[in-house]
Amino acid sequence: MSQSDSFIEEVTEEVRRDRLFAMMRRYGWIAIALVLLLVAGAAWREYQKAQDRTAAEGLGDALLSALEQSDPGARSAALATVPATSNGQQAVVAFLAAAEAAQAGDASAAADRLEAVAELADLPQVYRDLARFKALALRAEELTPQERIDGYTALARPGSGLRLLAEEQIALSLIETGDAEAALSALRAILADAEVTSGLRQRASQLMVALGEDPAAGDANTSGNE
């Protein structure tokens with residue numbers, strides 16, 4: 001390599017270095033800011049985890065303290081004072097308080113707590129449906145059969161985990177109205193459902209027998225048609 005080529009290469013390298021330093025002086029703060037943001041984000045996540053852990057521990061301690069009361073009424077009253085900061089926590093507290101209120105004989109108060117859970121928009125639908133189902137059962141004596149049918153029909157929609165149980169309650173309410181044929185139709189649909197459990201199948205069959213129909217005859221007819 002000639003001296004002129006070596007000189008040109010040195011100059012070129014120096015120019016590159018100067019440009020690099022200039023870019024670092026001009027834009028280096030962006031990289032520093034990004035690093036600081038990443039560090040701050042990680043610290044904030046750890047802080048949030050610690051806060052959530054502390055809140056969960058506090059809720060657990062409060063629940064245990066409330067459940068240590070001597071009788072169901074006192075436990076229900078103590079649970080009503082437990083602070084809950086999220087919909088999930090509110091649901092847990094409400095389910096426990098409703099169970100204690102029902103055990104204490106205050107079905108109306110228990111149903112009120114469950115109906116409040118059913119209105120929590122951010123709560124998963126399965127828990128809202130369960131709250132409605134339990135509330136309807138607790139209000140059974142104060143609701144007319146038709147009101148119960150309307151309430152359970154909303155829970156018997158396709159895809160609901162409580163669909164078949166709601167249909168069973170509809171059949172029972174139809175029996176109360178004196179519409180035995182409609183009740184039998186509902187019971188037949190339950191028995192024909194692929195998702196029916198053995199316990200529900202047994203209860204539906206017993207109801208059909210009580211209404212004067214042999215469930216086995218219906219199964220035989222179905223098999224014959226196939």
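The shown structure was predicted, so the numbers you read here are calculated from the model rather than taken from an experiment.

1. Let's talk about the pattern of salt bridges
One pass over the structure, following the stated rule, counts 13 salt bridges. Here arginine 139 and aspartate 112 are joined by a salt bridge, their closest N and O atoms 2.4 Å apart. Of this pair, arginine 139 sits in the loop between α5 (125-138) and α6 (145-155) while aspartate 112 is found in helix α4 (residues 107-118), placing the two residues 27 residues apart along the sequence. Two residues, arginine 157 and aspartate 129, come together in a salt bridge whose shortest N-O distance is 2.5 Å. Taken as a pair, arginine 157 in the loop between α6 and α7 (163-177) and aspartate 129 in helix α5 lie far apart in primary sequence, 28 residues in all. Among the charged side chains, a network of salt bridges with common partners joins Asp112, Glu115, Arg139 and Glu142.

2. So, the confidence of the model for the protein
Scored by pLDDT, the protein has a mean of 82; 79% of the residues are at 70 or more. Note on residues 220-226: pLDDT is under 50 here. Beyond four places in sequence and across chains, it has 0 contacts.

3. Regarding the side chain of serine 205
Relative to the elements of secondary structure, serine 205 occurs in helix α9 (residues 198-210). Accessibility expressed as a relative area gives 19% for serine 205, which makes it buried. Beyond its immediate chain neighbours, meaning those up to four positions away, serine 205 contacts Leu191 and Pro215.

4. Digging into the nonpolar core
The biggest cluster of nonpolar side chains holds 13 residues, and the ones touching the most others in it are Leu114, Val117, Leu123 and Ala131. Among the secondary structure elements, those contributing two or more residues to this core are α3 (87-103), α4 and α5. Ranked by residue count, the leading element in this core is α4, at 5 residues. Those residues in contact with leucine 114 that sit more than four places away from it in its chain are Phe95, Ala98, Ala131, Lys134, Ala135 and Leu138.

5. Focus on α4
Note that an α-helix has 3.6 residues per turn; residues three or four places apart therefore point the same way. The first and last C-alpha atoms of α4 sit 16 Å apart over 12 residues, in line with the 16 Å expected at 1.5 Å per residue. For α4, the set of buried residues is Ala110, Ala111, Leu114, Val117 and Ala118. Taken end-on, α4 shows its buried residues confined to a sector of 115 degrees, consistent with a single buried face.

6. Describing the environment of leucine 207
Mapped onto the elements of the fold, leucine 207 is located in helix α9. Taking C-alpha positions, leucine 207 is 9.1 Å from alanine 171, a pair spaced 36 residues apart along the chain.

7. Brief notes about a nonpolar patch on the surface
Together, Leu67, Val92 and Leu96 line one region of the surface with nonpolar side chains, adding up to about 200 Å² of accessible area. Examined against the element boundaries, valine 92 turns out to sit in helix α3. Judged by its relative accessible area of 42%, valine 92 falls in the partly exposed class.

Here is what the cut-offs are and how they apply
In this convention, every chain numbers its residues from 1, walking through the sequence in written order. Per-residue local features are limited, in this predicted model, to residues with pLDDT of at least 70; the limit for side-chain atom pairs, both in listing and counting, is 80 or more; totals at the level of whole chains, interfaces and linings are taken over all residues. Think of the side-chain values as coming from all heavy atoms in the structure, minus any hydrogens and water. Salt bridges are counted wherever a side-chain nitrogen of Lys or Arg sits within 4 Å of a carboxyl oxygen of Asp or Glu. Segments assigned H or I by DSSP are reported as helices when at least four residues long, segments assigned E as strands when at least two residues long, and all are numbered from the N terminus. In predicted models, pLDDT denotes the confidence assigned by the predictor to each residue on a 0 to 100 scale. Note on contacts: a residue pair qualifies if any of its non-hydrogen atoms lie within 4.5 Å across the two residues. Burial status follows relative accessibility: with a 1.4 Å probe on protein chains alone, a residue under 20% of its type maximum counts as buried, one over 50% as exposed, and anything between as partly exposed. Here, the term nonpolar core denotes a set of buried Ala, Val, Leu, Ile, Met, Phe, Trp, Tyr and Cys residues that are joined through side-chain atoms within 4.5 Å. Expected helix span is computed as 1.5 Å times (number of residues minus one). This arc is taken over the directions from the axis of the helix to the C-beta atoms. Patch membership needs two things, relative accessible area over 30% and no salt bridge, and members are linked within 9 Å if like-charged or within 5 Å if nonpolar (Val, Leu, Ile, Met, Phe, Trp, Tyr). All accessible areas in this document rest on Shrake-Rupley with a 1.4 Å probe, and a residue is counted as covered only by the protein chains that are shown.

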